[in-house]
Amino acid sequence: MGALVLCMVTVCVLQGVTGTKDMLPSAEAEDGRAGRVVMYVYDDAGFVPMDSHASLVDQVNYAFALIEDGEATAAHWYGIRQMSAWLKRHPQVDGVLSVGGWGADGFSQACMTDEGRRKLADSILRLMDEYGFVGVDIDWEYPGSSASGISSDPADEENWYALLSLLREGLDQRSAAGGRPYLLSVAVGAGKEQLDHVDASRLNALVDQVVLMAYDLMGFERTTGHHAGLYPGGSTQPSAARAVQTLLQDGLDSGKLLLGVPAYGRVWRQVSGGGDGLNQRAGTSGNKTLTFDEVQQLETQGYTCHWDEEAQAAWYYNGSSFVSAENEASLQAKMRYVTEHALLGTAIWSWNNDAASELLRIINEALVS
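Residues numbered from 1 in each chain as written. Predicted model: local features only at pLDDT ≥ 70, side-chain atom pairs only at ≥ 80, totals over all residues. Heavy atoms only, no water.

Peer 1: What am I meant to see in the nonpolar core here?
Peer 2: Across soluble globular proteins, you tend to see nonpolar side chains buried next to one another. Judged by nonpolar contacts, the single largest core of 84 residues is most densely connected at Ile138, Trp160, Leu203 and Leu212. Considering each element in turn, this core owes the most residues, seven residues, to helix 4 (residues 156-178). (Core = buried A, V, L, I, M, F, W, Y, C linked by side-chain atoms within 4.5 Å. Buried < 20%, exposed > 50% of the residue type's maximum accessible area, 1.4 Å probe, protein only. Helix = DSSP H or I, 4+ residues; strand = E, 2+ residues; numbered from the N terminus.)

Peer 1: In this structure, what is going on with the pairing of strand 5 (residues 94-100)? I would like to understand it.
Peer 2: Along any regular strand the residues' side chains alternate between the sheet's two faces. Among the seven residues that make up strand 5, seven are buried, leaving the element largely enclosed by the rest of the structure. For strand 3 (residues 59-68) and strand 5, the ladder comprises six bridges, and the chain directions are parallel. Opposite Asn61, over in strand 5, you have Val96 as the bridge partner. (Pairing = 2+ DSSP bridges.)

Peer 1: Could you clarify how one ought to interpret unusual backbone geometry in this entry?
Peer 2: Outside of glycine, negative phi angles account for most residues, and trans bonds account for most peptide bonds. Here the bond from Ala63 into Phe64 is cis, since omega is -5 degrees, no more than 30 degrees from zero. Structurally, Phe64 is set in strand 3. In this model, Glu141 is joined to Tyr142 through a cis peptide bond whose omega is 0 degrees. Tracing the chain through its elements places Tyr142 in the loop between strand 6 (135-139) and helix 4. The phi angle at Asp69 is positive, at roughly 55 degrees, despite the residue not being glycine.

Peer 1: Hey, could you run me through helix 3 (residues 114-130) in this one?
Peer 2: Note on helix geometry: an α-helix contains 3.6 residues per turn, so any two residues three or four positions apart are oriented the same way. Taking 1.5 Å per residue, 17 residues should reach 24 Å; helix 3 reaches 24 Å between its end C-alpha atoms and fits that length. Of all the positions in helix 3, only Gly116, Arg117, Leu120, Ala121, Ser123, Ile124, Leu125, Leu127 and Met128 are classed as buried. On its buried side, helix 3 packs onto strand 3, strand 4 (71-73), strand 5, helix 2 (107-110), strand 6 and helix 4. (Expected span 1.5 Å × (residues − 1). Contact = heavy atoms within 4.5 Å.)

Peer 1: Honestly, the pairing of strand 8 (residues 209-213) in this entry has me stumped. Any pointers?
Peer 2: Across the five residues of strand 8, five count as buried, placing the element largely inside the fold. Burial along strand 8 is two-sided: Gln209, Val211 and Met213 and Val210 and Leu212, pointing in opposite directions, are all buried. In this sheet, strand 9 (residues 257-262) lies alongside strand 8 in parallel orientation, the contact comprising three bridges. Residue pairing for strand 9: Val210 is matched across the bridge by Leu257.

Printed below as a string of structure tokens:
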């Protein structure tokens, strides 16, 4: 294990630029950023992005459209009017429709037949057109798995690619007619179990972006750890870098990969064993979450911030509660990884957890060389 030190880390100046983000003319990052910044926005009537935030992002993924009776629906949305108005005021920011999410059922059933897949794809594209989005993000968690409580079938994996092919066809038709690119994105899990079911080279031929959800890697067990560590920090621990290398080695173009970053921390309580709290048993799993804004206040509430040099990850501990979360040093390390490996950029879940846009500010500063 690498040296564990308190989070007094010198700010690093990042260098290097990706050479692939100009593949899509409308998808270029803001001048000066060495990577594309994508921000998920979870539908909420109370969330109103400020006009001053427009210079901080290249793309907004609006989450989530759901599936009902085999078709995409937005009937449950509350905040789309505010979001649509903001995107119209800032046409340089690409608005993308995100479909699915954890526990969102309907993909497997709808995609079981050719007719069902076509019906679902057409409804997604209609919804995209209706709200003026310029792309689609498919967040099926996960084809062939019922871990989130959804229906699944062994045929899901093949049907997933078939759905993406139909969406690619529809988006390309719109690009040809309108003279601008339409984006196809897909979100994938970063755990070994999820990646074992992903054919990266096949995805590479279909999509413009792959969002690697490199968070929630720990938190479902009663042992503390890094839920979004950049590196393993131990031979058996999952990590963002390990997932990135798996996808790249399997045939995904680095210029299509967005490294997912959480704007929230996971909390374990009733931690025993003493010390700094890392890798200790707890009375709960890491099932409680804190927003990035709340994490920023922890050191004023009796918590000490610690740094894992090997994992390039931070955590906070007060002798009883353990919080795995991003801080300035971990975000800088991740953005340095993005630039050094020529990734497309980063995708953050979610803006709702970063009300002060402090995490977004840190990421922007880290991506400007």
